[in-house]
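# Descriptive analysis of the structure
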Amino acid sequence: MTAPNQNAAKSNDLINWLVTRGLEGAEKEELLDGYCTRLIELGVPLMRFHAAQSALHPVYGGTGYSWYQDTGGDYQKFEYSEETREDWMSSPLYAILHHDLDGVHERMVDQNEPSRYPLINELREAGATEYYAKGVNFDPRSQTSKKAVDGVLLSWASNAPDGFREQDLDLINTALPHLGLALKSASNARISKDLMRVYLGRDAGRRVLSGEIRRGSLQQIDAVIWNFDLEGFTSLSENLPGIEIIDMLNDYLAVAVGVVHDNGGNILKFMGDGLMAMFNVGEIEEDVQAALQAVPMLQDRIAELNAQRESAGLPVANFTLALHAGEILYGNIGSETRLDFTVIGPAVNQAARIAGMHRSLGQRILISDDVARAAQPSDQDLISVGRYMLRGVAEPKELFTVYNVSGTQSGV
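Residues numbered from 1 in each chain as written. Predicted model: local features only at pLDDT ≥ 70, side-chain atom pairs only at ≥ 80, totals over all residues. Heavy atoms only, no water.

A few words on a negative patch on the surface. A contiguous patch of negative charge, built from D222, E283, E285, E286 and E327, is present on the exposed surface. With respect to the helices, strands and loops of the structure, E283 is situated in the loop between β9 (274-279) and α11 (284-311). Assessed through its relative accessible area of 55%, E283 is described here as exposed. (Patch = residues over 30% accessible without salt bridge, like charges linked within 9 Å, V, L, I, M, F, W, Y side chains within 5 Å. Areas by Shrake-Rupley, 256 points an atom, 1.4 Å probe, with all protein chains shown as cover. Salt bridge = Lys/Arg side-chain N within 4 Å of Asp/Glu carboxyl O. Lys, Arg positive; Asp, Glu negative; His and termini not counted. Charge placed at Lys NZ, Arg CZ, Asp CG, Glu CD. Helix = DSSP H or I, 4+ residues; strand = E, 2+ residues; numbered from the N terminus. Buried < 20%, exposed > 50% of the residue type's maximum accessible area, 1.4 Å probe, protein only.)

Structure below.
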């Protein structure tokens, strides 16, 4: 039997490590992997550890971390799906959360009947002898239904012949609040990064989190501006139910966003049925090549999406795209209490003017002469459609288009 002072020393060692790593901003996976390793080093016969949290994310509703004695840790994201929901609702952690239980504790060595929880039965078949689960609520004032957002659910399983010893569970419970606090710190940092990335974009989100938050903090850069719009969407929206319009818009914008990201660009903002993106991957020649490489990819993927929607009996749309290159100011604009991380400057304005020429020129894709010059030599055939005066621009601009995937000019 372990002496009380030895138990206290083990608890202090684990607590001090958790507090230190929490203050240092350890990532969740690193923190939990180290925690499990230290439990083993302190003599806890740990076979499996699992931590589950809800996530503020549009694609997945929760995250999990599972550590196994033989294979180490694995980080999971649980997407919104009926299958995931069924597994979750039959789990011990769901029972803790929704049935207001203090925890779930089952010693398989002391029971002959199967558990009511499929997971515990699976662990028993894999050699587990004891299962212990608890929840840590980050905000005790929150209602039970909010605990998934405000806390973390944790479980430990042993495969020792007699399961966990009393001192093992004492060590786990003593360090539990400190583990919860370290996880809260790591989770808040991840949530901030995820939300900034989702709502501001990859680059802007990173810049804001790094401290670029003052009004007027702007950076002058060379970049390619990409203006994407759906064609004929206004008339479609007048004849379709609202939910179908939103689903349709999301389908097409998802394709455009994927193409931009796959070629190193960043989404600056969504504008009604379109978006503005920026390619700033290196020197202006590299920016232009990235932006132009994205054009045939966009054509291919929009064609694929239209084929899928047509086969499902859904309405389809096409797109227009304007590309322009030049100097822009990139940073914070607005009031002291409401800022937008965006771009301004003549190049942005000219990209918008070029986007307004699609219908009059009968071209779906329009590229400025600035992009065409920086693209040389280019693998793509850029076809001049003439020189035109743009509103607010002193000198005429030569505009170009490209061949589409079928080898014909990209006309409207």
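Quick look at the pattern of salt bridges now. Throughout the structure, instances matching the rule amount to 13 salt bridges. As a salt-bridge pair, D110 and R107 come within 2.6 Å of each other at their nearest N and O atoms. When the shortest N-O distance is used, the salt bridge between R165 and D168 registers 2.9 Å. Relative accessible area serves as the criterion here: at 36%, R165 is assigned to the partly exposed category. Via salt bridges that share partners, D369, D370, R373 and K397 belong to a single interconnected network.

Moving on to the confidence of the model for the protein. Per-residue confidence for the protein gives a mean pLDDT of 85, with 84% of residues at or over 70. A low-confidence stretch, residues 144-149 (pLDDT under 50), is modelled with eight contacts involving residues beyond four sequence positions or located in other chains. (pLDDT = per-residue confidence, 0-100. Contact = heavy atoms within 4.5 Å.)

Attention now goes to the nonpolar core. W226, F228, L298, L321, L323 and I367 are the most contacted members of the largest nonpolar core, which has 42 residues in total. A total of 10 residues in this core trace back to one element, the largest contributor, which is helix α10 (residues 242-262). Here L298 is in contact with W226, F228, V255, A256, V259, F319 and L321, once residues within four sequence places are set aside. Membership of the second largest hydrophobic core comes to 32 residues, among which are L14, L42, F49 and L179. (Core = buried A, V, L, I, M, F, W, Y, C linked by side-chain atoms within 4.5 Å.)

Time to look at helix α2 (residues 28-41). If you check α2, its first and last C-alpha atoms are 20 Å apart, about what 14 residues at 1.5 Å a residue would give, namely 20 Å. Buried residues of α2: K28, L31, L32, G34, Y35, C36 and L39, and no others. In the stretch just after α2, G43 is the one whose phi turns positive, near 95°. (Expected span 1.5 Å × (residues − 1).)

Position of D369 relative to the elements: it lies in helix α14 (residues 369-375). When neighbours within four sequence positions are excluded, D369 is seen to be in contact with K397, E398 and F400.

Turning our eyes to something else, we now look at the pairing of strand β14 (residues 397-402). Within β14, five of the six residues are buried, which leaves it mostly tucked inside the rest of the structure. In terms of strand pairing, strand β12 (residues 365-368) meets β14 through two bridges, oriented antiparallel. Within the sheet, the bridge partner assigned to I367 lies in β14 and is F400. In this structure, strand β13 (residues 382-388) lies alongside β14, joined through six bridges in antiparallel fashion. Across the sheet, the residue bridging to S384 is F400, located in β14. (Pairing = 2+ DSSP bridges.)

With that out of the way, let us pick up the pairing of strand β8 (residues 266-271). The sheet contact formed by β8 and β9 spans five bridges and is antiparallel. Paired with M271 across the two strands is G274, which belongs to β9. Connecting β8 to the next strand, β9, in antiparallel fashion are two residues, including G272 with a positive phi near 60°.

What follows is about empty space enclosed by the protein. Counting across every chain of the model gives two cavities of 30 Å³ or more. Here the second largest cavity defines a volume of roughly 40 Å³. Lining the second largest cavity, in full, are N7, K10, L42, Q167, D168 and L171. Elements represented by at least two residues in the lining of the second largest cavity include exactly α1 (4-23) and α7 (166-200). (1 Å grid on protein atoms, 1.4 Å probe; cavity = no way out; pocket = protein on both sides within 12 Å on 5 of 7 lines; lining within 4 Å. Points joined across faces, edges and corners; volume = space filled by probe spheres on them.)

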